Structure formats: C-alpha cells, structure tokens
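Letter by letter, the chains look like this.
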Amino acid sequence: MQLPTMLDVEASGFGRGSYPIEIGFVEPAGALFCTLVRPAPDWRHWDPAAETLHGISRELLQSHGRPVDWVAAELNRRLAGQTVYCDGWAHDYPWLARLFDEAELNPAFRLEDVRTLLSEQELGGWDCSLRALREELRPDRHRASSDARLLQLCVQRVRSAALPGRA
C-alpha cells in the first residue's frame, strides 16, 4: 500500500494574523523533514496558548528558524509535482499561502485534505484510529513532523482495517 506524503503546520495561533512557525512532512517511504520558520518582520501575532501546546517560543524561532524564502524554496524543491495531504486544510492552506506570498513564490505542489483520500468506511474509523495511535505512540512533543508521521500511520491503519476480511 502506497502511503501519501503528509504535511503538518504549527502556527503562532489561530485566526487573523496567524502564521506558520514550523512545517514538517513525511514522505511515502517514511523520511521526515521539519524546519522552524523565522517570522517575517511584520508577522507579529502570537498566542501564548499555542506556544504552550507546541512548545516553540518566539526566541527559538528568531535564533533557529529558517528565513521564509528558504523554507518556501525548500518545500518546492522537495515536494515539486506532488499532491501532499494534511488533516487541517482550512488552517494549513492559509498558513502555507502566507508563507509563499511572503516569499513571492508559488507552491510547486498541491495541498489536499487527507479526507479526500479515504472511503466512507475509512473516514468512519479515522477519529478513533487517530486517538488510539496517540495513546499507543505517546509522542513526546506536539511538533509538525511527528504529527505528520502520526497522520500517515493513521491512513495506513484505517486502510488496513477497511480491507475485506479485516475487522
């Protein structure tokens, strides 16, 4: 079973003014990519509750984040021509759009919601499987690449469960 490339974005918060601070993805063979994004000078929104969740501080972004144009170019280089999937398209798409707008580049890949990959039966098991995987794996941090890997494993699990002869 070919697994999809899954992408996840951590952000400065939700809503107007929020922006991407970490982007990670996992390729079909399991290779991970993750990078912190140094905020553009006019990206000022910051939600302390979001920082509590992902554990990424503004100071960390300033000292270890990559410039917006580097991040956009690297995503294009690594994901060119692919359809990449996420589980929060309504948030991830605007955050990626903000990144690419700031970098003055167009994405060389297409972002889709993971739900477009799944049958009704598979969708029915998605939430339960995702919760179970989080319990089993207990990721030590809520970060973009580990979240992307969790999503990819969930796709694998719901597809396997939906095969004829599987419970």
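Structure's up top.
Residues numbered from 1 in each chain as written. Predicted model: local features only at pLDDT ≥ 70, side-chain atom pairs only at ≥ 80, totals over all residues. Heavy atoms only, no water.

1. What to know about helix α5 (residues 120-137)
Stage number 1. Taking 1.5 Å per residue, 18 residues should reach 26 Å; α5 reaches 26 Å between its end C-alpha atoms and fits that length.
Stage number 2. Of all the bends in α5, the largest measures some 40° and sits at W126.
Stage number 3. Burial in α5 covers these residues: E122, W126, S129, L130 and L133.
Stage number 4. Backbone geometry just after α5 places R138 at a positive phi near 40°. (Helix = DSSP H or I, 4+ residues; strand = E, 2+ residues; numbered from the N terminus. Expected span 1.5 Å × (residues − 1). Bend = angle between axes of the 7 residues up to and from the residue. Buried < 20%, exposed > 50% of the residue type's maximum accessible area, 1.4 Å probe, protein only.)

2. Some details on the nonpolar core
Stage number 1. Ranked by internal contacts, the top residues of the largest apolar core, which has 29 residues, are L7, I23, L75, L96 and L99.
Stage number 2. Of all the secondary-structure elements, those providing two or more residues to this core are β1 (6-11), β2 (20-26), β3 (32-36), α3 (68-79), β4 (83-86) and α4 (89-103).
Stage number 3. Not counting residues within four places of it along the chain, the set of residues in contact with L99 comprises P20, I23, V37, W43, V68, V71, A72 and L75.
Stage number 4. Judged by nonpolar contacts, the second largest core, of 15 residues, contains V26, W126, L150 and V158. (Core = buried A, V, L, I, M, F, W, Y, C linked by side-chain atoms within 4.5 Å. Contact = heavy atoms within 4.5 Å.)

3. Observations concerning the packing of aromatic side chains
Note on aromatic pairs: each is described by the distance of the centres and the angle between the planes.
Stage number 1. Using the criterion set out here, one finds five aromatic pairs in the structure.
Stage number 2. Centroid distance F14 to W95: 5.9 Å. Interplanar angle 40°. Geometry classified as tilted. Within this pair, whereas F14 is found in the loop between β1 and β2, its partner W95 is found in helix α4, the two being separated by 81 residues in sequence.
Stage number 3. When its relative accessible area of 53% is taken as the criterion, F14 is described as exposed.
Stage number 4. You can call W95 buried: its relative accessible area is 7%. (Phe/Tyr/Trp six-rings, centres within 6.5 Å; stacked < 30°, edge-to-face > 60°.)

4. Side note on the state of the cysteines
Stage number 1. A full pass over the atoms with the stated rule returns zero disulfides.
Stage number 2. For the unlinked cysteine C34, the closest cysteine sulfur is that of C86, found at 15 Å.
Stage number 3. The partly exposed category is assigned to C34, whose relative accessible area is 30%. (Disulfide = S-S within 2.5 Å.)

5. Here we look at the pairing of strand β5 (residues 110-113)
Stage number 1. Bridge analysis of β4 against β5 gives four bridges, and the strand direction is parallel. If you follow T83 over to β5, its bridge partner there is R110.
Stage number 2. You can see the chain leave β4, run along α4 and come back into β5, and the turn it takes is right-handed. (Pairing = 2+ DSSP bridges. Right-handed = clockwise from strand over helix to strand, strands pointing away.)

6. Quick word on a negative patch on the surface
Stage number 1. On the surface, a cluster of negative charge is contributed by D42, D101, E102 and E104.
Stage number 2. Checked against the element boundaries, D42 lands in the loop between β3 and α1 (48-54). (Patch = residues over 30% accessible without salt bridge, like charges linked within 9 Å, V, L, I, M, F, W, Y side chains within 5 Å. Areas by Shrake-Rupley, 256 points an atom, 1.4 Å probe, with all protein chains shown as cover. Salt bridge = Lys/Arg side-chain N within 4 Å of Asp/Glu carboxyl O. Lys, Arg positive; Asp, Glu negative; His and termini not counted. Charge placed at Lys NZ, Arg CZ, Asp CG, Glu CD.)

7. Some points on the environment of V158
Stage number 1. Looking at the element boundaries, V158 is found in helix α6 (residues 144-162).
Stage number 2. Residues V158 and S129, 29 residues apart in the sequence, show an inter-C-alpha distance of 6.9 Å.

8. Overview of the packing of α3 against α4
Helix-helix packing: each pair is described by the crossing angle between the helix axes and the interaxial distance.
Stage number 1. The geometry of α3 relative to α4 is characterised by a closest axis approach of 8 Å and an angle of 110° between their N-to-C directions. One element, α3, and the other, α4, form an angle in the roughly perpendicular class. Between α3 and α4 lies a crossing of left-handed hand. Seen from α3, the contacting residues are V68, D69, V71, A72, L75 and N76; seen from α4, they are L96, L99, F100, E102 and A103.
Stage number 2. Classifying every residue of the contact of α3 with α4 gives eight nonpolar, one polar and two charged. (Axes fitted to C-alpha atoms, helices over the stretch in contact; angles between N-to-C directions. Parallel < 35°, antiparallel > 145°, perpendicular 65-115°, else oblique. Left-handed = near helix turned anticlockwise from the far one by under 90°. Nonpolar A, V, L, I, M, F, W, Y, C, P; charged D, E, K, R; others polar.)

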